[in-house]
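Overview (structure and organization)
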Amino acid sequence: MTTLGLDPEELGRCVQCGLCLPSCPTFRVTGDESQSPRGRIALMRAVEHEGAPLSAPVRRSFETCVQCRGCETACPSGVPFGHLMARTREVIVQSGLSTSRPVRAGYAALGRPRLVRAAVRAAALGQRLHAVPASAGLPPLPLRQAPLRRTGSDAHLFTGCVMDACQRDVHRDTVRVLAAAGFGVEPTGDRVPCCGALHAHAGLGRAARKLAAGAVRALGDGLPVLVNSAGCGAAMKEYGRLLGSDAARELAGRVFDVSEWLAPRMANLPEVRPLDLRVAVQDPCHLRHVQRVHAATRAVLAPFVRELLELDDDGLCCGAGGSYAFFERREARAIRARKLASIARSAPDVVASANPGCSMHLAAAGVPAVHPMTLVARALGAQGGARGAQGAQGRLGS
Amino acid sequence: MTAPAPDGALVRFAREVGATGPVAVEGGRTRWDTGGDPAAGTRLLRAPAGIVEHRPEEMTVRVRAGTAVDELHDELAATGQRTALPRRGGTVGGALAVGENDVCVLGRGRVRDAVLQVRYVSADGVVVTGGGPTVKNVTGYDLPRLLVGSLGTLGLLAEAILRTNPVPAVSRWFRAEGAVPFKAFDALFRPSAVLWNGCTTWVELEGHAADVEAERRALVAATAVAGGWSECDAGPVLPPYRWSLRPSELRRLHEAAPGGPGAAGGAGGPGEAGEAGGHGASIGEPSGLGELVASIGVGTVFSSRPAPPRPPSPALAALAARVKHEFDPGGRLNPGRSVDPAGSVSPR
Amino acid sequence: MRGRPVSADPLVAALCAVLGRDRVRDDAAERALLAHDASVFAGGAAGPVCFPTSTEEVRAVVRIAASHGSAVVPRGAGTGLAGGAIPLGRPVVVVTTKMNRILEVDRDDRIAWVEPGVVNLDLTKHLRPLGFHFAPDPSSQQACTIGGNVANNSGGPHCLAYGVTSQHVLALDVVLPDGEVVRLGGLDAEPPGYDLRGAFIGGEGTLGIATRIAVRITKNPPAVRTLLLAFDSIEEAATVVGRVVAAGIVPAAMEVMDRGITVAVENFVHAGYPVDAGAVLLVEVDGPEAGTALDAERIAEIGRAGGATSVRTAAGEEERALLWRGRKTAFGAVAQIAPSYYLHDTVVPRAALPQVLRAVYEIAERHGLMVVNVFHAGDGNLHPLLLFDPREPGTLARVHAAGREIVEVSLAAGGVLSGEHGVGVEKRDYMPLQFSDVDLDHQNRLRRAFDPACRANPGKVLPSGHSCADIQSLERLPAGVWA
Ligand SMILES: Cc1cc2nc3c(=O)[nH]c(=O)nc-3n(C[C@H](O)[C@H](O)[C@H](O)COP(=O)(O)OP(=O)(O)OC[C@H]3O[C@@H](n4cnc5c(N)ncnc54)[C@H](O)[C@@H]3O)c2cc1C
Ligand code: SF4
Ligand code: SF4
C-alpha cells in the first residue's frame, strides 16, 4: 500500500466546496470530477487515509493535471495544491508507476545545455527538411543563435534550458530593454543550466532539488535574479520550500519576473511612440496563479502599444503546462481550444505571453504570440532606429 | 414544533368540506366560469374570512381565503404596503385559485411569487399546510405554487401567508398616441406597466418622485411622439378576455396594427424544445383579437374575443392527470372544472 | 487509457451503447468521487456515471436505468450543501457538466435558453455585454450550475429584492423518471394548466431531470450603491436590518457577517473590512440614480441611529467587487480558522434574528464548538457555520447535536428548516419538525405524480415512512467502495 506522505494539515484544508472547479482547465474541458482539483484532492485523501490503491484511473487523474495552479487562486481555503500535486507525482515516480525511462532521460538532458541546444537544432533542421511532422505541435525553431553577452552587473538574467535553446532572441530583447532602462545584466548561461521546474512537475523531485541546489550555489552573490520565463520564475521563487535551506530562501527572495522588476522602474525607459498594435495579454498560469505578478505585465506593456486587451476567460490555463503539451497532447489541445476561442473574441493583432511554453503552444496553433519584452524592445527599437527586435518582426510574420 | 395547528375557523371549514360528495368554494364570483362551471349537484361553500395577522416589518400577511381582496389591500395600505393580488373585486382565495396577475404585474409582482404558505382542505377533508411563514423557504416541495392557479381542483384554499411590498412613494400614469410601445418599454428601467391598444400607449411609473420624473423624461426622449405624453389617472379599460402570449409575439401584433391586429403563432424555444410539446406560447392561427389591450414586456393581451384553447401535449396532460388523481382521487373537488383547456372566458 | 473493455455489467454495457465508452465511467475512483457533494455527509454510493449531452441522451439513460431497475440521480457541479446529489443505493449518476451550452438569448422575451450544466456566473458574464444578468446569485455562483439552482430553488444575496430561482425560470424541458419528456411552464405571460414548473423547481432532482431551462434575464440596474456598516454587536446589526425593511426600503441585498468571519475574510481578500467590529452589515441598493442615492442615505441614517460605528460607501466598481468577493468567499475563508465547517441554513422572521443569533452562540458554546455567522440578513436567512476538526474523534457527533438544536430554535421562533440549500439528506429527518404527517403525505403525492416508481433520486427530501425514502440509510457505509 502506497502512502503519499502529504502534510495532513495541507491536505485537510480542502472543504470540498467546489469553488475551484471552473478555474481548472481539465475540469472545464471534461466535466469529470476526477479531472478537477476537488476530485484530485479527494483521491489523494483516499490513497492517504483510506488505503485506496494508486490504480490506473487514479494515476490518470493525477497525470492529467496541468499543474497550472489556477485552483489555488480560486480556492478561498488556501489549499496549497501545487505542493500536494508535486509531492504526489514524486511518489508515483518513486513507486515506479509512471514516467518511462526515455522520458526520464529527456528530463535528465535538460540539465545539460549543450544537449538541449543540439536537440533543438536537430529538430529545427528536421523542420526545414520537413522530416518533423506539423502534428508534432512544434513552432518554427531557430537553426542557429548568436551567443548572449554580459552587459553589466546590476542583475542576473536567468537564461534557462529550453528557452535559451529555442527563444534566445527573447533574452536578447530583454537585455536590450533593460539596457534602455540603464541596467546591465549578466546572463546566467551554462552557470545555471536549468531551474528544475519541469522535473518537479514530472515528479522527478531528486533531479529538481539537485538543479535548484546548483542554482543556489551559482547565484549566491546577492544580486537580483531576473527571469523572463514565468514557469522558471515561479519555480525559483519556491526554492525555499523545495530545499528548505536559508540560502535557498534568500535566493528565492531576490528572484523577479522581469516585468515585475521593471514595473516600478518604468520612469527609466524613454518615452516612445507606441506600436500600432492591439495586444491581448495572455497571463501564463505561473505568473498569475503562482507568482501573482501579472499586473506588472500590463504596467510594462501599456506605454508601448496602442491598446491592451484582456481575455475574457479569467486566466484559465492555455494547456501548455511545461511538458504537458507534449505528453498529454489530446487534453492540451482541448484546453487550448478554449483559449483560442477567447483570443478570437478579443480579436487582437498579437498576443503577449511571458512564458516560452505558452507562446510556443499558442504559436503552434497559429497564434501570433510574442513575449512582452519583445514588444517593448520593438517599440524602443523602432523609435531609436536601432537594429531592434528582429525577433518580434519575425514572429509576427509567422 | 410542527407549524401552529389550524385554528377553529379552519377546522370548521374542513368539517364542512367533509370527505364525500362533490364540493366547491365560491368567492366573489368575479371569475366563476374560469375553467368551466362546476357540475350540477356540487355543494358550494364559503371559505373562512378575515385577516389573521399582518406583520409589516416582516412584509407578510396571514389572511383567510374568504377575505375580500379590497379589504386586504385597505388594511395593508394603512402601513404603506400592498400585495401582488389584482384588485378587481373577489376574494383572496379566488384570486389565488385563478392565479391571474394584476395588469401592472411588472410593478406588483406575480401572484405565484407572493404566496409563502397555503392552508387548504384536502379531498379527504383535512387541513394541509404547504410552504412556510418566512419570506424565504425551500423546505420540501412547493405546494403553494402548485395550488396557485389550480382552480380549487387539488384542494380548497382556506388561508394563505402572502408577501407584501411597500407602496411606492409615487405612482403616475402617462399616455400618448402613436408611440411605439416597445421603444417605451426598452427605454425604461422598471416600468410597472406598458399597455397598448393599437394606437394609444399607457405607461405606469412608480418609485421615488425623482426617479419617476427621470423615467418620464427618458420615455419622452425615447419615443418622440407628436402629441407628447400626458398624465392620466389610470390605465385603459380592459376588454374581458385574457390571451397569454410571448412578449415577442406582441411585436408581430404591432407590425399588423393599426388596421386589423393579428398575431401569428410560433411556439416554444429552440430545436428540441418543440418536440417536448406542451404549452407553447402560440395563439394558433393569425386570428383577430378584436378590440385589445396588450401588456408589453409581459405578453398578456386583454381582448374582446376569447382565446382559443391550447391543449397540452399528451405527456404533459398525463402528468397533470396524475397530479389531479393524487390530490383528488375521487374527483370531488370542483368537478367539471379543469385547468387545462385554457383560454379564460370570464367577463372582467 | 480510455480503451477499457466493454463492461460485463449489462447496465453499463447498455449505457455505453448509447453514450459511447468515453461518457460512461464505471471505475471505482470516479464513482467514489461522485459519492460526495459539498456537504459533510459521507456514505453515498454511486453506480455508473453518465455524461449525456442532449435531452435525447438523458432520456435514453433514464429509460435504460429504469429497465434495469436502477434509479437515477442528477448532478450538476456538486456544490450542494444538503447532500442532494449524493447517490444512495448505487443509482446511475447523470452528470450535466457536458450539457453546458447557452442555446439562445432573446431580448424581446427577456429570456435565455440554457442547458442545465451552464455555470451560473458564466451566464451572467455572457449577458454582460447586452446589459443583462441572471439574478439569482448564490455565493457559489462561480461554480454551481443552473440545473442545480433550479433543483434547489437557490437564492443568493440579491434575492432579497429580485427573488429566488423560481421567479426567474419560465420554462423547463424535463425528462420525467419514466423517460417521458415534457415542457413545463412556457414563455408566454400566464401558461395554462397547473404550475408544474413551479412545483418542479426545488424538487432536488426527485421529480426528473431538467435538460433545457428558459431563464428570465434581468436588466442591469443603472445605479448601484454598496454600503458597509460596522457595529459593536451582531444583535445591533440584525436590528438595523429589520428597521430598514420597516422603513419601506427593500435593498437589493443585506448581508451580515460577525467578527470571526470578518477577520477570516479580510485575511483572504484584503478589502478593508473593519476587523475590530463586532459585526458588519453589507447593504446594496440599486435602481434608478436618484432613488438609489436617497435609499443609501436613509440606510446610513438608520444604521447610525442603530449604533453603527462606521458607515463606508464603496467608491467605485472595483471596491464594490472587492467587498462582494469577501462576502462570497466567506465560507471558504473559514478554513483559516478550522479545517472543516458545517454550514447551517435556516430562516427566521427578521424580528427574531437578534434573539435566535444569541441562542446560536449559546448552543455552540455549550457543545464546545466555535461558530461564526455570515448570512442573508435581509430575508432572515441564517447561515451559522460550526467549525470543527474532523480528525478529532467525536466532534462530528457534537456538530450534529448542535445543528439539531439550531434547527429547533429557528423553528420555535417561527422559522423554517431551509432557506436555500434544500432538504436533501441533511434535513430529511427534520421534516416532521416543520410539517405534520398529513402535510408530508401531500408533498409525497406531488412526488408520486412525477415519479410513481421511485426512480429519481430516492432517499431525499421526505423522511422515512414516505415512498422512496427508505432506500439506504446514510449511517451504513457501503462496503468495498475501493474494491
Ligand atoms: C461555498 C458555497 C456557497 C453557497 N452559497 C449558496 C447560496 O448563497 N445560496 C444557495 O441557494 N445555495 C448556496 N450554496 C449551495 C449550492 O451551491 C446550490 O444549492 C447550487 O444551486 C447547487 O448547484 P450544483 O450545480 O452544484 O448542484 P448539485 O450539488 O450538483 O446538485 C444539487 C441538487 O440538484 C439536483 N440537480 C442537479 N442538476 C439537476 C438537473 N439538471 N435536473 C434536476 N435536478 C438536478 C441534484 O440531484 C441535487 O439534488 C452554496 C454552496 C457552497 C459550497
Ligand atoms: S493545477 Fe490546474 S489542472 Fe491541476 S487541478 Fe489545479 S487547476 Fe486543475
Ligand atoms: S481546493 Fe479549495 S476551492 Fe477546491 S474544493 Fe477544496 S476548498 Fe474548495
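Coordinates for the structure precede this section.
Given the structure is predicted, the values throughout are model-derived calculations rather than measurements. (Residues numbered from 1 in each chain as written. Chains lettered and ligands numbered in written order. Predicted model: local features only at pLDDT ≥ 70, side-chain atom pairs only at ≥ 80, totals over all residues. Heavy atoms only, no water.)

1. Things to note about the side chain of Ser 259 of chain A
The cut-off we apply is this: Strands here mean DSSP runs of E at least two residues long; helices mean DSSP runs of H or I at least four residues long; both are numbered from the N terminus. The contact criterion used throughout is that any non-hydrogen atoms of two residues lie within 4.5 Å.
Relative to the helices and strands, Ser 259 of chain A is located in helix H16 (residues 258–262). The residues contacting Ser 259 of chain A, other than those within four sequence positions of it, are Ala 296, Thr 297, Val 300 and Met 373 of chain A.

2. Things to note about the interface of chain B and chain C
What counts, and what does not: For any pair of parts, buried area is found by adding up, for both, the accessible area (1.4 Å probe) each one loses once the two are put together. Should a side-chain nitrogen of Lys or Arg be within 4 Å of a carboxyl oxygen of Asp or Glu, the pair is scored as a salt bridge. Polar contacts here mean pairs of N or O atoms no more than 3.5 Å apart (in protein, one a potential hydrogen donor and the other a potential acceptor; neighbouring residues in sequence count only if both atoms are side-chain atoms). Charged means Asp, Glu, Lys or Arg here, nonpolar means Ala, Val, Leu, Ile, Met, Phe, Trp, Tyr, Cys or Pro, and polar covers whatever is left, Gly included.
Every contact between the two is made by 85 residues of chain B and, on the other side, 107 residues of chain C. Taken over both partners, the interface formed by chain B and chain C buries close to 7,600 Å², and the fraction arising from carbon and sulfur atoms is 56%. At the boundary of chain B with chain C, the tally comes to 12 salt bridges. Counting every contact that joins chain B to chain C gives 36 residue pairs in polar contact (both at pLDDT 80 or more). Elements that contribute at least two residues to the side of chain B that touches chain C include exactly helix H5 (111–114), strand E7 (127–131), helix H6 (143–147), helix H7 (181–187), helix H8 (209–223), strand E14 (241–244), helix H10 (273–276) and helix H11 (314–327) of chain B. Class assignment for the residues of the side of chain B that touches chain C results in 35 nonpolar, 25 polar and 25 charged.

3. Let's talk about the pattern of salt bridges
Threshold: Partly exposed residues are those whose accessible area sits between 20% and 50% of the maximum for their type, while under 20% is buried and over 50% is exposed, using a 1.4 Å probe and protein chains only.
Evaluated as defined, the whole model comprises 82 salt bridges over all chains. The residue Glu 331 of chain A makes a salt bridge to Arg 60 of chain A at a minimum N-O spacing of 3.2 Å. Here Glu 331 of chain A, found in helix H20 (residues 329–346), pairs with Arg 60 of chain A, found in helix H4 (residues 56–63); they are 271 residues apart in sequence, far enough to count as distant. The two residues Glu 331 of chain A and Arg 60 of chain A agree in class, both being buried. Of the charged contacts in the structure, one is a salt bridge between Arg 366 of chain C and Glu 362 of chain C, with a shortest N-O distance of 2.8 Å. Of the two residues, Arg 366 of chain C and Glu 362 of chain C are both situated in helix H13 (residues 353–366); the distance of four residues between them amounts to about one turn of the helix. Residues participating in the shared-partner salt-bridge network are Asp 32 of chain A together with Arg 25, Asp 27 and Glu 30 of chain C.

4. A closer look at the sheet that holds strand E10 (residues 209–216) of chain C
Residue and element names in this part refer to chain C. The line we're drawing: Think of it this way: DSSP has to see at least two bridges between two strands before they count as a pair. Comment: axis = line fitted to C-alpha atoms, over the contacting stretch for helices; angle = value between 0 and 180 degrees taken between N-to-C directions.
As summarised here, the arrangement of the five strands in space is E5-E6-E10-E8-E9, forming an open sheet in which the pairing is antiparallel. At either margin of the open sheet sits one strand with a lone partner, and together these are strand E5 (102–106) and strand E9 (181–185). Here the average twist between neighbouring strands, direction ignored, is 15°. In this sheet, E10 lies alongside strand E8 (residues 169–175) in antiparallel orientation, the contact comprising six bridges. Bridge pairing in E10 links Val 175 to Ile 209.

5. Some words on the site of ligand 2
Worth spelling out the cut-off: Put simply, a residue is near a molecule or strand once any heavy atom of it comes within 4 Å of that molecule or strand.
The full set close to ligand 2 counts 13 residues, and Cys 24, Arg 40, Cys 65, Cys 68 and Cys 71 of chain A are the nearest of them. Mapped by element, the contributors of at least two residues to the shell around ligand 2 are helix H3 (37–50) and helix H5 (70–74) of chain A.

6. Here we look at the interface of chain C and chain A
Between chain C and chain A, the contact holds 38 residues from the first and 36 residues from the second. Taken together, the connections running from chain C to chain A amount to four salt bridges. The shortest N-O distance in the salt bridge between Asp 314 of chain A and Lys 125 of chain C comes to 2.3 Å. Looking at the side of chain C that touches chain A, the elements with two or more residues in it are helix H2 (28–33), helix H4 (120–127), helix H12 (330–333) and strand E16 (340–343) of chain C. Here the element with the most residues in the side of chain C that touches chain A is H2 of chain C; it accounts for three residues. Residues belonging to the side of chain C that touches chain A are distributed by class as follows: 15 nonpolar, 12 polar and 11 charged.

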